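Listed here are the chains, written in short residue letters.
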Amino acid sequence: RDKRKAHMIISKQKEDIVDSLNYAKRIQKAILVKDEQFKKLWKELFIFLKPRDLVSGDFYWIHKTNEHLMLAVVDCIGHGVPGAFMTMIGNTLLNDIVIERDINDPGKVLQELHRGVVKGLRQEKDSQAVGEGMDISFCRLDIKTKEINYAGAMSPIYIIRSNNLEVIKGDFKSVGGVFKRTIDEDREFKSKSISLSDGDTVYMFTDGMADQFGGNSNEKYNTKRFKELLRGICKDEVESQKKAIENTISDWKKGFPQTDDILVLGFKV
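Being a predicted model, the structure only gives us computed values, none of them experimental. (Residues numbered from 1 in each chain as written. Predicted model: local features only at pLDDT ≥ 70, side-chain atom pairs only at ≥ 80, totals over all residues. Heavy atoms only, no water.)

Topic: the sheet that holds strand β3 (residues 68-76)
The strands making up a sheet are joined through hydrogen bonds of the backbone, oriented either antiparallel or parallel.
Okay, step 1: The 5 strands are arranged β2-β3-β4-β5-β8 in an open sheet whose pairing can be described as antiparallel. Of all strands in the sheet, those bounded by a partner on one side alone are β2 (58-64) and β8 (192-195). Looking at each pair of strands side by side, their axes are set apart by 15° on average, direction ignored.
Okay, step 2: The pairing of β2 with β3 spans 7 bridges and is classified as antiparallel. Its bridge partner lying in β3, Asp58 is registered against Asp75.
Okay, step 3: Helix-sheet contacts for helix α4 (residues 106-120) involve β4 (134-142) and β5 (147-153), and the interaxial angle to β4 is about 145°. (Pairing = 2+ DSSP bridges. Helix = DSSP H or I, 4+ residues; strand = E, 2+ residues; numbered from the N terminus. Axes fitted to C-alpha atoms, helices over the stretch in contact; angles between N-to-C directions. Contact = heavy atoms within 4.5 Å.)

Some remarks on unusual backbone geometry
Okay, step 1: With a phi angle near 60°, Asp102 is a residue other than glycine that sits in the positive phi range.
Okay, step 2: With respect to the helices and strands, Asp102 occurs in the loop between α3 (80-100) and α4.
Okay, step 3: Residue Lys254 is not a glycine yet carries a positive backbone phi of 50°.

Observations concerning the pairing of strand β12 (residues 262-268)
Okay, step 1: For β12, the tally of buried residues reaches 7 of 7 residues, placing the bulk of the element in the interior.
Okay, step 2: Residues Ile262, Val264, Gly266 and Lys268 of β12 are buried on one face, and the alternating residues Leu263, Leu265 and Phe267, pointing to the opposite face, are buried as well.
Okay, step 3: Here strand β1 (residues 45-50) pairs with β12 via 6 bridges, running antiparallel. Among the inter-strand pairings, Lys50 is bridged to a residue of β12, identified as Ile262. (Buried < 20%, exposed > 50% of the residue type's maximum accessible area, 1.4 Å probe, protein only.)

Written out as structure tokens, the structure is:
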């Protein structure tokens, strides 16, 4: 009888936890731009997001003005519930920085995002603060000139043109958390300017796909395979690219559990 009662208590607790996570998932999905919305913002764009758990520590952010299309792909430290909390903080800060305060230079956006994370989590007052941070790529596309401005925190982007893949690297430091054993409130990030032409494709992503274990030897998918995949699909329609990425990672896993949240965003100019 005692075992049965304990089992019922545990089952009820599990049910409550799953219900809470499902509700958190609905809240998280509500803050993300929906497929039908971002298609209106930019036709040639796809987003593949596959959380490891019910809620994700990866998120994307999109905003368009008359002059610019701005996009961010963010990998918050951790996944599941801790990561999901950070995505809510990151999304709110990006809305404030770019939309409310009209800051759109990518390097300055990351600097302000860093300040917001440090102050919001009171990291400057907490000597134990280490892990609460974000890796992010932020792009601002000039709609008329096709020039892209990019800044990254531990997160590069790939540009494919004429079947050549260029790796554009950001800064070797995250947003938030400790860097070189200090929590510097004015951490700076550099913006880079790249001129694009019609037909060029830009990919923004987190490390979840490259780090996924699978294959015949249970090894990482790795960046080399990821680059080869993108080279092979870059000329396809964006929805076909999304499906190819989904099928590729599903086949690669071969029944192994998902290692991390996976997020890939691609767009053509």
